[in-house]
Amino acid sequence: MEVVVLPSYQEMSKAAAQVIAGVLNEKPNAVLGMATGSTPLGVYQELVKMHKAGELDFHQVTTFNLDEYVGLPKSNSQSYHYFMHENFFKHVNIAPDNIYIPSGTTKNYRAFCAWYEKRIEECGGIDVQILGIGSDGHIAFNEPGSSLSSRTRLKTLAEPTIQDNARFFDRKEDVPIYAITMGVGTILEARTLVLLANGKNKANAVAQMVEGPVTSMITASALQLHPSAKVFLDEDAAGQLKMREYYDWVMKKKPGAPQT
Ligand code: PGA
């Protein structure tokens, strides 16, 4: 796992956007894994900026989102369909047919999840997956106890997640209890993982993800099993890392390292 600590949210977002841009420059028809929530907003803003400056072209790109609330129609302002459209898709030249987001309103969740997994495979797999982390250590909606080999499926949200996400809704009771989410196993198959975290309320989950044991109780710890996982943090989110000095040393020495 590569751990990069940057002084601000904006710099962290820029660095992560550079990784995505690098993948797109090498492979203009790349498959991107998208995330929602407050954390990736800065990355989307950076990517949109690059697109408007003529530096990034999305017309051959395909995207798969991590998750969606069950029961919210696409038009609901709290749905992840709505979020993605408002914060990213409507600002770039992506083909609408190349956008995949789990359905929160399908009549048959089991069949939908199997189809979603198949579409990812048919599109060649995800080249780079953007991730946030929950205060309970989840990635996507893989709550504590989720199998580390889980696939796309329906999940019941944990209380801390409902509490965290209540800030986006009028009342806590309005937060959906169920979601459809890619599994940890699905996420681990992406070729590169880019996880971002900012703020003090993520510091404990981040420390457990990076330095704790691999455990289904902190599903983000599965990133330790991935050959190309990059973690971008601001100072607050990095606040509980014991090996902080080493991560900084590695990044400082990286330019001089032998090319592999
Ligand atoms: P946040 O959510 O970006 O809104 O903090 C992250 C997550 O729950 O994965």
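It should be noted that the structure appears before, not after, this text.
Not measured: the values here are computed from a predicted model.

About the thresholds
Residues numbered from 1 in each chain as written. Predicted model: local features only at pLDDT ≥ 70, side-chain atom pairs only at ≥ 80, totals over all residues. Heavy atoms only, no water. Near = heavy atom within 4 Å. Polar contact = N/O pair within 3.5 Å; in protein donor to acceptor, adjacent residues only side chain to side chain. Areas by Shrake-Rupley, 256 points an atom, 1.4 Å probe, with all protein chains shown as cover. Nonpolar A, V, L, I, M, F, W, Y, C, P; charged D, E, K, R; others polar. Buried < 20%, exposed > 50% of the residue type's maximum accessible area, 1.4 Å probe, protein only. Helix = DSSP H or I, 4+ residues; strand = E, 2+ residues; numbered from the N terminus. Arc of directions from axis to C-beta. Contact = heavy atoms within 4.5 Å. Pairing = 2+ DSSP bridges. Salt bridge = Lys/Arg side-chain N within 4 Å of Asp/Glu carboxyl O. Phe/Tyr/Trp six-rings, centres within 6.5 Å; stacked < 30°, edge-to-face > 60°. Lys, Arg positive; Asp, Glu negative; His and termini not counted. Axes fitted to C-alpha atoms, helices over the stretch in contact; angles between N-to-C directions. Parallel < 35°, antiparallel > 145°, perpendicular 65-115°, else oblique. Left-handed = near helix turned anticlockwise from the far one by under 90°.

With that settled, the discussion passes to the site of the ligand. Around the ligand, the neighbouring residues are G37, S38, T39, G132, I133, G134, H138, R167 and K202. H138 is positioned with one of its side-chain polar atoms (N or O) 2.7 Å from an oxygen atom of the ligand. One nitrogen or oxygen atom from the side chain of K202 is found 2.6 Å from an oxygen atom belonging to the ligand. Relative to its unbound accessible surface of 280 Å², the ligand loses 83% to contact with the protein. Looking at the shell around the ligand residue by residue, the classes come out as one nonpolar, six polar and two charged.

With that settled, the discussion passes to helix 3 (residues 80–87). Restricting attention to buried positions, one finds in helix 3 the residues Y80, H81, F83 and M84. What you see down the axis of helix 3 is that its buried residues fit within an arc of 165 degrees, all on one side. Against strand 2 (31–34), helix 2 (41–52), strand 3 (62–65), strand 4 (67–69) and helix 5 (159–165) lie the buried residues of helix 3.

In terms of residue burial, strand 1 (residues 2–6) counts as a mostly covered element, since four of its five residues are buried. Pairing analysis gives five bridges linking strand 1 to strand 10 (residues 229–234), with the strands arranged parallel. Bridge assignment links V4 to a residue of strand 10, and that residue is F232.

The phi angle at A140 is positive, at roughly 50 degrees, despite the residue not being glycine. Position of A140 among the secondary structure elements: in the loop between strand 6 (128–131) and strand 7 (153–156). The buried category is assigned to A140, whose relative accessible area is 9%.

Counted by the stated rule, this structure contains 16 salt bridges. Across the pair R191 and D127 runs a salt bridge whose closest N-O atoms are separated by 2.8 Å. In this pair, R191 is assigned in the loop between helix 6 (184–188) and strand 9 (192–197) and D127 in the loop between helix 4 (109–122) and strand 6, connecting sequence segments 64 residues apart. Using a relative accessible area of 42% as the deciding quantity, one classes R191 as partly exposed. Salt bridges sharing common partners tie together E2, K230 and K254.

One pass over the full model with this rule turns up 13 aromatic pairs. Here Y69 and Y80 contribute two aromatic rings whose centre-to-centre distance is 4.8 Å and whose plane-to-plane angle is 40 degrees, an arrangement assigned as tilted. One end of the pair, Y69, is in strand 4; the other, Y80, is in helix 3, and eleven residues separate them in sequence. Judged by its relative accessible area of 1%, Y69 falls in the buried class. Residue class for Y80 comes out buried when judged on its relative accessible area of 10%. Taking the centre distance of 5.7 Å and the plane angle of 40 degrees together, the rings of Y69 and F141 count as tilted. A residue pair is termed long-range when its members are at least 10 positions apart, and Y69 in strand 4 and F141 in the loop between strand 6 and strand 7 qualify at 72 residues. Three or more aromatic residues joined by ring pairs form one cluster here, namely F64, Y100, F112, W115 and Y116.

Here E143 shows up in the loop between strand 6 and strand 7. It is K155 that comes nearest to the buried, bridge-free E143 among opposite-charge side chains, at 7.7 Å. Among all residues touching E143, those that are not within four sequence positions of it are D136, H138, K155, T156, L157, A158, T161, S216 and T219.

Further remarks concern the packing of helix 1 (residues 9–26) against helix 2. With their axes 8 Å apart at the nearest point, helix 1 and helix 2 run at an angle of 55 degrees to one another. In terms of orientation, helix 1 and helix 2 fall into the oblique class. The element helix 1 and its partner helix 2 pack so that their crossing is right-handed. Contact residues: Y9, Q10, S13, K14, A16, A17, Q18, I20 and A21 in helix 1; L41, G42, V43, E46, L47, K49 and M50 in helix 2. When its residues are assigned to classes, the contact of helix 1 with helix 2 shows nine nonpolar, four polar and three charged.

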